[in-house]
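Below, each chain spelled out in residue letters.
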Amino acid sequence: MDQDRRTFLGQTGKLLVLTASAAIAWEHVLAGRPEDAPNYRSTDHWWGMSIDIEKCIGCGTCVRACKTENDVLREEYMFRTWVERYVVDPADLDHPQVDSRNGGYDGFHEREVLDPNLKMFFVPKLCNHCTHSPCVQVCPVGATFESPDGVVLVDKSYCLGCRYCVQACPYGCRFIDPRTETVDKCTLCYHRITRGLTTACSETCPTGTRVLADLKDPKDPIHAFLRENMVQVLKPQMATGSRVFYNGLDGSVR
Amino acid sequence: MPGVEGFIYPNELELQWSVLIVLYPFITGLVAGAFILASLERVFNVEAVKPTYRLALLTALAFLLVAPLPLQLHLGHPERSLEMYLTPHTQSAMAMFGFVYLWYLMVVLVLEIWLDYRRDIVLKWRASTGLSKHLYGAMALWSDNISESALKLDDRIGRALTVIGIPSAFLLHGYVGFIFGSIKANPWWSTPLMPIVFLFSAIVSGIACILLLYFVTCWLRRVPVDMACVDTIAKYLYYAFLVDFSLEMLDLIHRLYEADESFRALDFMVKTRLFTSQIVLQIILGTLVPLVLLGLSQLVTFREKTRRVLYVLAGSLTMIGIFAMRWNVVIGGQLFSKSFLGYTTFKMEFATREGLLPAIVLMILPFVILWALIRLLPPWGHGEGDRGSRARE
């Protein structure tokens, strides 16, 4: 080998420095923030949800599961997810009768309408985890942010409680948790999905209405769902890049 | 649910921004308006408004010092507010408030007032003893050079500052309008006209405020009101108000004619929950009546006493109208559901952090600060009487 001592030392030195920095960097990667699971790589996922309106029976299990799983206050005006009941005259889409008593927590008992001229259906709602989130845009300190796997999250140790994001959300998905004086919202059960589980609402839905979707996974049923159905998002005119996809969403839904 | 009509999203029951956030644009508006009035004298050499020049600057400072307080009180975590300076999110309109505010406070207003008062401060430093000697010394930054060339330099820098100050004042309040106007989720707010409407209403409220303050200070000091001065201010108030009113009507007509998806909900809201504050207080009493009064004073030559009454009345109604406008923007924008299917109610509390009591205290506070500022830096002449009386002679 025609390598003198100087070159050898130089190359070894470089190798050592590089290995050390790579090791430190790798340690940070493995430390797994924001997720702790060693096998979870946030860049491998792109989360969303599919909701099949025709399957929803308005039982409210998802609302109860969410409140329990995520320790959401039982108040009637604080929900990470809720269900709305629509009664619509097909000839008058502009004036639907909507109710969401206690956010659908107790389930809807009126599951049919007697008038044959009206239609009735349930619409489960949650944070749309928008790709172009107005809430992320307006947060003055970046406490609300989008994770690399596409989930809109809140750093509660950083949130000022200015409520600008609550104003900016077109879907009414945010509220202030009086215990922390910070904003609260659906995290898509981030603590669960990063461990290979599904969300609490999807897990408990008895009819398979709500299904967690990984848009980066080519085997995920979301692709067939999007391909085979006429799919819509809420308030498409807001151009927020919503990632909660509805099948069978009626034009009267707001 | 109590106070709810129709359907609202469950999380919409509680209003997020209360009366304190109504005060925020109202107070910053007064700052911007007062400064712009002061600039008229300085940049455009409008001699007639000279008696109010320093008063307007001090008023702007007094209100500017109070401007961030309602925001601080409203925050869930006021102790974290410094993060807006340290780690601002550059895409956020709100994050820029601190910078716009500091720029305006430190660079424009404080520096301009200091330069304008430097001669007075040095003279007071020389003349006083004890504690106040130290105070004025510190205020003069321990430099007592008031030679003619130094004062000339002060004047030149001051003039340049005012030239920078006018766009800064526009920026300050146009920016406050942008905070609301850029929220696409809320059709009551979301209009590119919002910053311009806010700006002109700011100018209107600032001018009206200085007009009233000038009357009050003249009355307290038992000096005659400089009629040339108030006539000119009233004229500016009238013109600014005309522009402001036209812009607001343009916005209204546009909404009526477009009648988009939100129109029915907003129309219903204006005719019911906002009827008193929008139609009666803002448009009729707070805009049309003062416009007629001011317009009359432009057309008909009234006696001095009648003019004074007219101006005080128009000024007071204007202040009520602009306050109602801020109220209708901030509170009105939260009364309807983003589903456009229902309405909620604003319940004002009294002795809570965001209640009426702190709001009243915050509205009195700038006047206390102004009183202290006037004691410290008297805005009227150099001890030998009113600048206005000199201007008249």
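Residues numbered from 1 in each chain as written. Chains lettered and ligands numbered in written order. Predicted model: local features only at pLDDT ≥ 70, side-chain atom pairs only at ≥ 80, totals over all residues.

## With respect to the overall build of chain A
Line of reasoning, step 1. Per the secondary structure count, chain A includes seven helices and eleven strands.
Line of reasoning, step 2. Counting all 254 residues of chain A, 41% fall into the buried class.
Line of reasoning, step 3. Within chain A, contacts between residues at least 6 apart in sequence are counted, and of these 64% link residues at least 24 apart. (Helix = DSSP H or I, 4+ residues; strand = E, 2+ residues; numbered from the N terminus. Buried ≥ 20, exposed ≤ 12 C-beta atoms within 10 Å, placed from the backbone. Contact = placed C-beta atoms within 7 Å.)

## Regarding the pairing of strand β2 (residues 81-88) of chain A
All names here are of chain A.
Line of reasoning, step 1. Most of β2 sits inside the fold, with seven of its eight residues counted as buried.
Line of reasoning, step 2. As paired strands, β2 and strand β4 (residues 119-126) are joined by eight bridges and run antiparallel to one another. Note on β4: the bridge partner recorded for R85 is F122.
Line of reasoning, step 3. Across three bridges, the pairing between β2 and strand β3 (residues 97-99) is antiparallel. (Pairing = 2+ DSSP bridges.)

## Let's talk about the sheet that holds strand β1 (residues 47-52) of chain A
Picture the strands of a sheet paired through backbone hydrogen bonds; they go either parallel or antiparallel.
Residue and element names in this part refer to chain A.
Line of reasoning, step 1. An order of β9-β1-β11-β10 is seen for the four strands of this open sheet, with the pairing classed as mixed. In the strand order of this sheet, the two ends are held by β9 (210-214) and β10 (231-232), each with one partner.
Line of reasoning, step 2. Pairing of β1 with strand β11 (residues 244-247), which is carried by four bridges, proceeds in the parallel orientation. If you follow M49 over to β11, its bridge partner there is V244.

## Considering the nonpolar core
Line of reasoning, step 1. The biggest cluster of nonpolar side chains holds 170 residues, and the ones touching the most others in it are V31(B), A60(B), I207(B) and L237(B).
Line of reasoning, step 2. Discounting chain neighbours no more than four positions away, the residues touching I207(B) are G33(B), L37(B), I233(B), Y236(B), L237(B) and A240(B). (Core = buried A, V, L, I, M, F, W, Y, C linked by C-beta atoms within 7 Å.)

## Quick look at the packing of helix α1 (residues 19-44) of chain B against helix α7 (residues 148-181) of chain B
Residue and element names in this part refer to chain B.
Line of reasoning, step 1. Packing of α1 against α7 leaves a shortest axis separation of 9 Å and a crossing angle of 155°. With respect to α7, the axis of α1 lies roughly antiparallel. Seen along the crossing, α1 lies across α7 with a hand that is left-handed. Of α7, the residues touching α1 (which contributes P25, T28, G29, V31, A32, F35, I36, S39, R42 and V43) are R159, T162, V163, G165, I166, A169, L172, H173 and V176. (Axes fitted to C-alpha atoms, helices over the stretch in contact; angles between N-to-C directions. Parallel < 35°, antiparallel > 145°, perpendicular 65-115°, else oblique. Left-handed = near helix turned anticlockwise from the far one by under 90°.)

## A few points about the domain arrangement of chain A
Often, the extent of an interface is quoted as the loss of accessible area on bringing the components together.
Line of reasoning, step 1. Domain parsing of chain A yields domain 1 (5-31) and domain 2 (37-254).
Line of reasoning, step 2. The gap between the C-alpha centroids of domain 1 of chain A and domain 2 of chain A is 46 Å. (Domains from an automatic or database assignment.)

## What about the interface of chain B and chain A?
Line of reasoning, step 1. Contact with chain B, which involves 33 residues of that partner, is made by 37 residues of chain A.
Line of reasoning, step 2. The residue makeup of the side of chain B that touches chain A, split by class, is 16 nonpolar, eleven polar and six charged. (Nonpolar A, V, L, I, M, F, W, Y, C, P; charged D, E, K, R; others polar.)

## Observations concerning helix α9 (residues 227-258) of chain B
An α-helical turn contains 3.6 residues, so a residue and the one three or four places further along point in the same direction.
Line of reasoning, step 1. Taking 1.5 Å of rise per residue, 32 residues should cover 46 Å, and α9(B) covers 46 Å from first to last C-alpha, within 8% of that figure.
Line of reasoning, step 2. Count one or two residues on from α9(B) and you reach A259(B), which has phi positive near 45°. (Expected span 1.5 Å × (residues − 1).)

## Focus on the environment of L64(B)
All names here are of chain B.
Line of reasoning, step 1. As for its position among the elements, L64 is in helix α2 (residues 53-66).
Line of reasoning, step 2. The spacing of L64 and G29 is 35 residues in sequence and 9.5 Å in space, taken between C-alpha atoms.
Line of reasoning, step 3. Residues in contact with L64, not counting those within four places in the same chain, are V31, Y104, L105 and L109.

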